Amino acid sequence: MTGLRIGQGYDVHRLVDGRPLILGGVTIPYERGLDGHSDADVLTHALMDALAGAAGLGDIGVLFPDTDSAYRDISSLKLLEAVGNYLKEKGFALVNADVTLVAQAPKIGPYKARMRENLARALGVDPAQISVKATTEEGLGFTGSGAGMSSMAVALVEQCSPAEE
């Protein structure tokens, strides 16, 4: 059966001292970075989960467990590329994806175009198929206090050929 499928992704990481802040594959000057097993790119992680969900692949914890040392400090763009390859193997193509970063600071406006380009390149799609935006929580909650960042994503994929069982 061919058709359209949608997936939703969500990720969250704590901000800590001594780590670079990487969002959408872009290193952003900031006093703290995100803590995690990989590079903790919360934006890319949410997109990977949305894509994996749309294709019925599970989530990034299943695909790239944090108990596997092979993924220690790995670039999330490399993991996104692998997710893109999994989708192609299952006969799916990305229609579009929309990713939202939730963070009080820093402002990511100057970096959004590069983020879109990085994400699109990793997936082998046109940057016009990827939307990146950001919002604050007006000082509320863990993102508003600056304790961490979260990201949400939705992805629409089209099944171009039957998935192999």
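Reference entry: report on the structure contained in this document. (Residues numbered from 1 in each chain as written. Predicted model: local features only at pLDDT ≥ 70, side-chain atom pairs only at ≥ 80, totals over all residues. Heavy atoms only, no water.)

This model, assessed by the stated rule, comprises two salt bridges. The closest approach of N and O atoms between Lys 133 and Asp 98, which form a salt bridge, is 2.6 Å. Of this pair, Lys 133 sits in strand 6 (residues 130–135) while Asp 98 sits in strand 5 (residues 92–102); the two residues are 35 residues apart in sequence, bridging distant segments of the chain. Judged by relative accessible area, which is 32%, Lys 133 ranks as partly exposed. (Salt bridge = Lys/Arg side-chain N within 4 Å of Asp/Glu carboxyl O. Helix = DSSP H or I, 4+ residues; strand = E, 2+ residues; numbered from the N terminus. Buried < 20%, exposed > 50% of the residue type's maximum accessible area, 1.4 Å probe, protein only.)

Relative to the 16 Å expected for twelve residues at 1.5 Å per residue, helix 4 (residues 112–123) spans 17 Å between its end C-alpha atoms, a close match to the ideal helical length. When we look at burial in helix 4, the residues that qualify are Met 115, Asn 118, Leu 119, Ala 120, Ala 122 and Leu 123. For helix 4, the elements touching its buried residues are strand 2 (21–23), strand 3 (26–28), helix 1 (42–54), helix 3 (76–89), strand 5 and strand 6. Gly 124 sits one or two residues past helix 4 and shows a positive phi near 70°. (Expected span 1.5 Å × (residues − 1). Contact = heavy atoms within 4.5 Å.)

With that settled, the discussion passes to the side chain of Thr 100. Within the secondary structure, Thr 100 sits in strand 5. By relative accessible area, which is 13% here, Thr 100 ends up buried. Among the polar contacts made by the side chain of Thr 100, one reaches the side chain of Lys 133 at a distance of 3.2 Å. Sequence-distant contacts of Thr 100, defined by excluding residues within four places in its chain, comprise Lys 133, Ala 134, Thr 135, Ser 150, Ser 151 and Met 152. (Polar contact = N/O pair within 3.5 Å; in protein donor to acceptor, adjacent residues only side chain to side chain.)

Viewed as axis vectors pointing N to C, helix 1 and helix 4 meet at an angle of 40°, and their least axial separation amounts to 12 Å. Comparing their axes, helix 4 and helix 1 come out oblique. Where helix 1 crosses over helix 4, the two elements pack in a sense that is right-handed. Here Leu 43, Thr 44, Leu 47 and Leu 51 of helix 1 lie close against helix 4, whose contacting residues are Met 115, Leu 119 and Leu 123. The residue inventory of the contact of helix 1 with helix 4, partitioned by class, reads six nonpolar, one polar and no charged. (Axes fitted to C-alpha atoms, helices over the stretch in contact; angles between N-to-C directions. Parallel < 35°, antiparallel > 145°, perpendicular 65-115°, else oblique. Left-handed = near helix turned anticlockwise from the far one by under 90°. Nonpolar A, V, L, I, M, F, W, Y, C, P; charged D, E, K, R; others polar.)

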